[in-house]
Amino acid sequence: MGENLSSGLGHLFEPRSVAVVGASERPEKIGYKVLANIIADGYRGRVYPVNPRHREILGLRCYGSVDDVPGEVDLAVIVVPAEQVPGAVRACASKGVGFLAIITSGFSEVGRIDEERRVLSLAREGGARVLGPNIFGIYSARASLNATFGPGGVRSGGVAIVTQSGALGVAMMGKTALEGMGLSAVVSVGNKADLDEAELVEHLVRQEDTRIILLYIEGVRRGERLVETLERASRAKPIVVIKSGRSRRGAAAAASHTGSLAGSDEVFECIMKQCGVMRAETVDEALAWCKVFDVAGRPQSEDTLIITNGGGIGVLATDACERYGVRLSDDLPALREAFSPLMPSFGSPRNPVDLTGQASADHYRRAFDAALDMAGVGAVVSLYCETAVLVSSEFTPVLEGAFRRYRERGKPLVFCLFGGRSTEEIVQVLRSRDVPVFTEPYKAVSCVGALYRYVRGLAAPVEEPVRPDIRVDRIEETVGAARADGRRFLYALEARRVMEAAGVPMPKSSTAWSVEEAVASAKRIGLPVAMKVVSRDILHKSDVGGVALDLESEREVVEAYEAILHNCRARAPRAVVEGVEVMEMVPPGVELIVGARRDPSFGPVVMVGLGGIYVEVLRDVSFRALPIGRRQALSMIKDTKAYTLLLGVRGEERRDIEGVMNVVFRVGEVLRRCPGISDIEVNPLRVYPRGSRAVDVRILLSESSTKEGSDAHE
Ligand code: COA
């Protein structure tokens, strides 16, 4: 956990000197605001305004070019118009500036991709790292550096914000100040030409003052690296993410179910869960979580207690607990023993503990103390509806005092106060003193839910990925043959060969060229069997009478064989018949879909969900980035409603969930190790109490067989 300033990103967050290239003396200019913030917020290093038109700005000597600056420059903030940026970057690079924060807009975000690349390569020539372009700057509490054009007077604290959106980032700086939240860093990443979230998180997670990391992400690039970083980092510090853009652009172009189900947002959601990162729905919720993570302890036991002075708000909070996965303590004898003596006779010691509208500040104080001593209670949500009985001047110190006692003991206590002006006053006072107080029960409970999710994630051991043995040589042979044939997909028999080489359980099958062979195959496979014509020229086999099902005797097999050939000759006379496939009749079972594909952001991903013909209607699917271990495989299955079916409904036997996991691992491994394959979809995978069968398999090939996003790093 050591911090080495001269390596990594140390000097970005703690520069010894900062140049502002394009500093201005006109207060309406961004180049003025940045310089003014640096000075006003107390940066202790050397500051060099750079602008050929001035000799002095804001009382500091101004340099014509960064080359003229006498000493070393660790960080240059660039605020000149886009066409001037390459020149400014070249000058910084030749001076040996370590980091460039390029505020200027007008690069890849408006399609000027080549210009952005040029800027990056100029920076690299001098070994400089680039933040941006198109950013609002960087704030770092460690250096008292506010090199942004956001608000000044930022309060220092434990939350680091890394944001892709500039406007929202600036607004979050303002909002956190208003909510009394302290920040350790705010980094705007903009177009992420060079530095991205992964590298910044990597640094921030090792930085002592940062206790929570909040990411605002619009789009993910280099997703495989982000996953790897977040999985590790979230074990050290809580990471909260907000993502905008529930786009299905990528999905529209995809040719398989797996593709169209993989709306980039669903994949993102699942993968954040896989990484132990908590995704908030709104900015407000994210900030609330950060606040609670920063100031409250971590629950030591699973049960939560609600203390209230109103039944209605207590019920709302109870509903919220169900929604956010917060378990309520229901140890009635313990609750009775703790609370009956200290509440009005008509109060209720059940959870929510109702102190009634007559509750005084002292009732609350005693209830808090009792709950603090209950070992089975992991967290407390305290609710208050404004009443005329309770004197607010007495209440504020009771709440603050209780919060401090809980904090010392590491037990989370969050408040929800609901009422008019006098309540609002209490809220403001408590907020300014770092007490987590909300005005909406759902919000308070959502914070407790986030705490629990984090703690549960930490409790889960780090696991090894499962990488089953598969016959890559055989798979590549099949793929190569299809490619030589000019195809980007595999025929059913080829897909079967791939699945067999991967060890995925397929229905037993063999191809017969004579009636005798058909009978022998049927005997070997075991009756009843199904039979299907094998012909690349016949797409819809049942339409021409090329399929026969449920053949229960040898005689039926003979008749079916002859009927299939006769029908095909009559109804598709030009089709080349390559035999008749004899297949095991697969009994009904729980139908799942298992897929794997290359996600444009995250690389190889696997999918599992409810299969059959309604997959796209029900969209009951879950994703994970590869590779995954057993716990993740099980958790992705549990994410779907199909899991309930696998457990067995109405006395049905539990299905072979292990078997499903095995198929997920194997299908995933094929995708990971065979770059020639872009999509695999098993639908349905029929799952039985013992075993499963991949009834239908579709495999698509990549545009080229280069090692894109596969195991090139192995
Ligand atoms: N070196 C040093 N200073 C230079 C320079 C150079 N090569 N070229 C120009 N300057 C000076 C200018 O003289 C000017 O100073 P002045 O006010 O004393 O005349 C200053 O740099 C700024 O140049 P100006 O032409 O006035 O530009 P501007 O301030 O109107 O706009 C940006 C510059 C960078 C702010 C603008 O191009 C931009 O990108 N704005 C959007 C920023 C943004 O929104 N970022 C994303 C946020 S999330």
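Residues numbered from 1 in each chain as written. Predicted model: local features only at pLDDT ≥ 70, side-chain atom pairs only at ≥ 80, totals over all residues. Heavy atoms only, no water.

**With respect to unusual backbone geometry**
In step 1: For the bond running from Leu527 to Pro528, omega is 0 degrees, close enough to zero to count as cis.
In step 2: Tracing the backbone through its elements, the reader meets Pro528 in the loop between α20 (515–525) and β22 (529–533).
In step 3: Residue Leu626 is joined to Pro627 through a cis peptide bond whose omega torsion reads -5 degrees.
In step 4: Along the chain, Pro627 turns up in the loop between β27 (621–625) and α23 (630–638).
In step 5: Look at Arg222: it is not a glycine, yet its phi comes out positive at around 45 degrees.
In step 6: By secondary structure assignment, the location of Arg222 is in the loop between β12 (212–217) and α7 (223–236).
In step 7: A positive phi angle is found at Asp434, which is not glycine, with a value near 70 degrees.
In step 8: In this fold, Asp434 is placed in the loop between α16 (421–432) and β20 (437–438).
In step 9: Asp434 gets classed as partly exposed once you look at its relative accessible area, which sits at 22%. (Helix = DSSP H or I, 4+ residues; strand = E, 2+ residues; numbered from the N terminus. Buried < 20%, exposed > 50% of the residue type's maximum accessible area, 1.4 Å probe, protein only.)

**Points about the packing of helix α14 (residues 361–372) against helix α15 (residues 392–409)**
In step 1: In contact at an axis separation of 9 Å, α14 and α15 are set at 5 degrees when each is read in the N-to-C sense. Considering their axes alone, α14 and α15 lie roughly parallel with respect to each other. Contacts between α14 and α15 involve Ala361, Tyr364, Arg365, Phe368, Asp369, Ala371 and Leu372 from the former and Glu394, Phe395, Val398, Leu399, Ala402, Arg405, Tyr406 and Arg409 from the latter.
In step 2: When its residues are assigned to classes, the contact of α14 with α15 shows ten nonpolar, no polar and five charged. (Axes fitted to C-alpha atoms, helices over the stretch in contact; angles between N-to-C directions. Parallel < 35°, antiparallel > 145°, perpendicular 65-115°, else oblique. Contact = heavy atoms within 4.5 Å. Nonpolar A, V, L, I, M, F, W, Y, C, P; charged D, E, K, R; others polar.)

**A word on the packing of helix α3 (residues 85–95) against helix α4 (residues 113–125)**
In step 1: Viewed as axis vectors pointing N to C, α3 and α4 meet at an angle of 15 degrees, and their least axial separation amounts to 8 Å. One finds that α3 runs roughly parallel with respect to α4. Handedness of the α3/α4 crossing: right-handed. Mapping the contact onto sequence places Val85, Pro86, Val89, Arg90 and Ala93 in α3 and Arg118, Val119, Leu122 and Ala123 in α4. (Left-handed = near helix turned anticlockwise from the far one by under 90°.)

**Some thoughts on the pairing of β12**
In step 1: Judged by how many residues are buried, β12 sits mostly within the fold: six of six residues are covered.
In step 2: In β12, alternate side chains face the same way, and those of Ile212, Leu214 and Tyr216 on one face and Ile213, Leu215 and Ile217 on the other are all buried.
In step 3: Relative to β12, strand β10 (residues 156–163) runs parallel, the two sharing five bridges. Note that in β12 the partner of Ile161 across the bridge is Leu214.
In step 4: In the sheet, β12 pairs with strand β13 (residues 239–243) via five bridges, with the strands oriented parallel. Residue pairing across strands places Tyr216 opposite Ile242, the latter belonging to β13. (Pairing = 2+ DSSP bridges.)

**Quick look at the environment of Cys674**
In step 1: Among the structural elements, Cys674 can be located in the loop between α25 (657–673) and β28 (677–687).
In step 2: For the pair Cys674 and Val479, spaced 195 residues apart in sequence, the C-alpha to C-alpha distance is 9.1 Å.
In step 3: In this structure Cys674 touches Val472, Ile475, Glu476 and Arg598, once residues within four positions along its chain are discounted.

**Concerning the site of the ligand**
In step 1: Around the ligand, 23 residues are found, and the nearest of them are Ser24, Arg26, Lys29, His54 and Ser105.
In step 2: The contact in question runs from an oxygen atom of the ligand to an N or O atom on the side chain of Arg26, over 2.9 Å.
In step 3: Burial of the ligand by the protein chains amounts to 75% of its free accessible area of 960 Å².
In step 4: Counted by class, the shell around the ligand contains eleven nonpolar, nine polar and three charged residues. (Near = heavy atom within 4 Å. Polar contact = N/O pair within 3.5 Å; in protein donor to acceptor, adjacent residues only side chain to side chain. Areas by Shrake-Rupley, 256 points an atom, 1.4 Å probe, with all protein chains shown as cover.)

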